[in-house]
Amino acid sequence: MRLADMRDQLRTQLTSDAAQRRYATHRYAIPALHRYPTIASLISALEDRASIGHKNQDRLLRLLVIQVQRSSDAPLWQQIMLHGFLPGLIRVRASTVSREESGELDSLLWTLFLEVVHTYPIYRRQGSVAAGILLDTRKRFFCVLKKRCTANEYTEAFLLYAEGFGEFRLADHMVVDGPRWTTDELASARRVLRRAQLSPADVDLLVETDLGACTVRQFMQERDLATGDESTDTRMQHRLWQRRRRARGRLHDFLRKARPVR
């Protein structure tokens, strides 16, 4: 099923009397949900961060992830999570380059999203839950698409990569679990990046922190850029974030000119 068609179906299911009765049963046992008498009010809180604040929304998402992972009624919480994350998933799907219109890639994306929610390390992972889940889902999705590319299709694969980062501003420390690029794939990646006329330093930064799933802090340590002074290292980290964002932009512009989005 296409993601754009899921919202109405999910809302119909979640506002049914049967779903509301299931929700009410769980709600009475969870104090944090007492302020949300209906599923509709819970969904509204997920969709409108301004109404409850970023921290409260993050706490609510953490609670929902725990319910997905532990509740005997996981499908109900999955539907609520999927409804709340649909706008972000639609942006991820829209960033891909494909003539596929059957909904197969949409189904793949929301399936990967549910896998991420079920395995998300909610107690170990720091930072925004929303950003972390979207980041993991996007990277897993991209890994699957990458595997479908032949050795001569790296330009298309990198366009997916560059387009995907165009929509998000994510926390740097979120390292993704899952498949890593092989040595040969990274070598091919470097060739594409060099064709985009990125500097050797920018090539290393993108390859190691985006494709190699290395954090900027780890990159600093490996390159002897870390001094041990927290304020100095934080300034260096922010400079590298800015440099990486500019490099992503140049790569994106190069790839769009090399192979326009269809």
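Residues numbered from 1 in each chain as written. Predicted model: local features only at pLDDT ≥ 70, side-chain atom pairs only at ≥ 80, totals over all residues. Heavy atoms only, no water.

Q: Explanation requested: the nonpolar core in the structure shown.
A: A general trend in soluble globular proteins is that nonpolar side chains are found buried together. One finds Leu33, Leu42, Trp77, Ile80, Met81, Phe113 and Ile133 to be the most contacted residues of the largest nonpolar core, which totals 46 residues. Looking at which element gives the most residues to this core, the answer is helix α6 (residues 74–94), with 9 residues. Once you skip the residues sitting within four places of it in the chain, Trp77 turns out to touch Tyr23, His26, Leu33, Leu42, Leu64, Gln67, Val68 and Ser71. Counting 12 residues, the second largest nonpolar core, distinct from the first, contains Ala189, Leu193, Leu206 and Leu251. (Core = buried A, V, L, I, M, F, W, Y, C linked by side-chain atoms within 4.5 Å. Buried < 20%, exposed > 50% of the residue type's maximum accessible area, 1.4 Å probe, protein only. Helix = DSSP H or I, 4+ residues; strand = E, 2+ residues; numbered from the N terminus. Contact = heavy atoms within 4.5 Å.)

Q: What's the story with the packing of helix α2 (residues 17–27) against α6 in this structure? I'm lost.
A: Angle between the axes and distance between the axes are the two parameters that describe a pair of packed helices. Running from amino to carboxyl end, α2 crosses α6 at an angle of 105°, the nearest separation of the two axes being 11 Å. Classified by the interaxial angle, the pair formed by α2 and α6 is roughly perpendicular. Contact residues: Ala19, Arg22, Tyr23 and His26 in α2; Pro75, Leu76 and Trp77 in α6. Considered class by class, the residues forming the contact of α2 with α6 number 5 nonpolar, 1 polar and 1 charged. (Axes fitted to C-alpha atoms, helices over the stretch in contact; angles between N-to-C directions. Parallel < 35°, antiparallel > 145°, perpendicular 65-115°, else oblique. Nonpolar A, V, L, I, M, F, W, Y, C, P; charged D, E, K, R; others polar.)

Q: Would you mind showing me how to read the side chain of Ser71 here?
A: Examined against the element boundaries, Ser71 turns out to sit in the loop between α5 (54–70) and α6. In this structure the side chain of Ser71 is engaged in a polar contact, spanning 2.9 Å, whose partner is the backbone nitrogen of Asp73. Here the side chain of Ser71 touches Trp77 through a polar contact of 3.4 Å, side chain to side chain. In this structure, Ser71 is in contact with His26, Ile66 and Trp77, ignoring residues within four places of it in sequence. (Polar contact = N/O pair within 3.5 Å; in protein donor to acceptor, adjacent residues only side chain to side chain.)

Q: In this structure, what is going on with the packing of aromatic side chains? I would like to understand it.
A: Two descriptors summarise a pair of aromatic rings, namely the distance from one centre to the other and the angle between the planes of the rings. A complete count under the given rule lists 2 aromatic pairs for this structure. Taking 5.1 Å as the distance between ring centres and 45° as the angle between the ring planes, the aromatic pair formed by Phe85 and Phe113 counts as tilted. Pair noted here: Phe85 is in helix α6 and Phe113 is in helix α7 (residues 104–119), with a separation of 28 residues, a long-range link. Residue classification places Phe113 among the buried positions, given a relative accessible area of 0%. (Phe/Tyr/Trp six-rings, centres within 6.5 Å; stacked < 30°, edge-to-face > 60°.)

Q: How should I be thinking about the pattern of salt bridges in this particular structure?
A: Pairing is possible between side chains of opposite charge, provided their charged atoms come close. Scanning all chains against the criterion turns up 11 salt bridges. The closest approach of N and O atoms between Arg7 and Glu47, which form a salt bridge, is 3.1 Å. You can see Arg7 sitting in helix α1 (residues 6–14) and its partner Glu47 sitting in helix α3 (residues 39–47), a full 40 residues away along the chain. Taking relative accessible area as the criterion, Arg7 reaches 28% and is therefore assigned partly exposed. Across the pair Asp202 and Arg243 runs a salt bridge whose closest N-O atoms are separated by 2.9 Å. Separated by 41 residues along the polypeptide, Asp202 in helix α11 (residues 200–211) and Arg243 in helix α13 (residues 230–258) bring together distant segments of the chain. For Asp202, a relative accessible area of 6% translates into the label buried. Here the residues in one salt-bridge network are Arg7, Arg11 and Glu47, joined through shared partners. (Salt bridge = Lys/Arg side-chain N within 4 Å of Asp/Glu carboxyl O.)

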